[in-house]
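Chain residues, written in single-letter form:
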Amino acid sequence: WEFNGSFYQPSAFLMMGIPGLEALHHWISIPFCALYLTALLGNCMILFIIKKTQSLHEPMYYFLSMLAVTDLGLVLCTLPTTLGIFWFNMRRIGFDACLTQMYFIHILSFIESSVLLAMAFDRFIAISLPLRHSSILTGTTVMKIGLVIILRGMVSLLPIPFLLKRLTYCRKIELSHSFCFHPDIMNLACADIKVNVFYGMIILLSTVGMDFIFIVLSYILIIRTVIGLATKEECLKALNTCVSHICAVLVFFIPMIGLSMIHRFGRNLPPLVNTLVAYTYLIIPPALNPIIYSIKSSQIREALLKALRRKTE
């Protein structure tokens, strides 16, 4: 412990695996390894296919590439500490290292939310203004959108580590997860955390909350456009292009909203519920997104089959 008058700051935190199941961590690591491997290979495959297939060089797949890179980042942020606990019981993480991991986890989560909004906008333009789609979403425009998304996440979350460093902490240094999460660290402080709570809520609502609202509005406008199409076949064809994105939105936002609610209002829930929702939020979307798009996107599926045939020949 570092002591300076009445100011206490731990040199490290202790991370938690799955409460009550510590003796089974080696066995539990097997499905986690499978999910991490699926996420790593699946997202790398998506990036490789989009890069190598000329017909996929269009806005929808550029945004999908951004989603894949973000998912890879999330996986690489949590994999070392999670498997470190399950395999070697390495629970200790330095204070500054914890803040760094927390910062990147939250940045990548915010970026994923923004990318999903950009993908919803892309679908709206493609369905509502198909003839102007390529002129509105040019390669340069997509790059600018990606840059704005990254800067938005980085700048909005920049104060969070400094707000945590100014706090005085209690002697309880055990986190609730196998990774560092802002509300989790904040709740270990003995000081007044109203500023942290207020800033965290404002940022969450003004970024992820607004993204979700605009995604819903985009689909309301898409449905209005689709209803006006001449035939039922055209209507179903237009909606079918949105199925993958809708699945990705649900897989990401439902666990995220659940985890935020648990941290703020569910302190009486069993710790196991909190842990499972957190793992669902950070591990399941990166593993499922490549599978969803590989199954639902005929272009990606065909490009994947062509790549596999070339390797077998």
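This structure is a prediction, so every number in the text was calculated from the model and none was measured.

1. Observations regarding the state of the cysteines
Then, number 1: Following the criterion strictly, the structure yields two disulfides and no others.
Then, number 2: Disulfide pairing places Cys 98 opposite Cys 180 at an S-S distance of 1.9 Å. Taking the sign of the S-S torsion, about -120 degrees here, the bridge from Cys 98 to Cys 180 comes out left-handed. You can see Cys 98 sitting in helix α3 (residues 95-128) and its partner Cys 180 sitting in the loop between α6 (159-165) and α7 (182-186), a full 82 residues away along the chain.
Then, number 3: What makes Cys 180 buried here is its relative accessible area of 0%.
Then, number 4: One disulfide in the model links Cys 170 with Cys 190; its S-S distance is 1.6 Å. Placement of Cys 170 in the loop between α6 and α7 and of Cys 190 in the loop between α7 and α8 (194-227) is noted, with a sequence separation of 20 residues between them.
Then, number 5: By relative accessible area, which is 24% here, Cys 170 ends up partly exposed.
Then, number 6: Note on Cys 190: relative accessible area 46%, which makes it partly exposed.
Then, number 7: Taken N- to C-terminal, the disulfide-bonded cysteines of the protein chain are connected 1-3, 2-4.

Conventions adopted
Residues numbered from 1 in each chain as written. Predicted model: local features only at pLDDT ≥ 70, side-chain atom pairs only at ≥ 80, totals over all residues. Heavy atoms only, no water. Disulfide = S-S within 2.5 Å. Helix = DSSP H or I, 4+ residues; strand = E, 2+ residues; numbered from the N terminus. Buried < 20%, exposed > 50% of the residue type's maximum accessible area, 1.4 Å probe, protein only.

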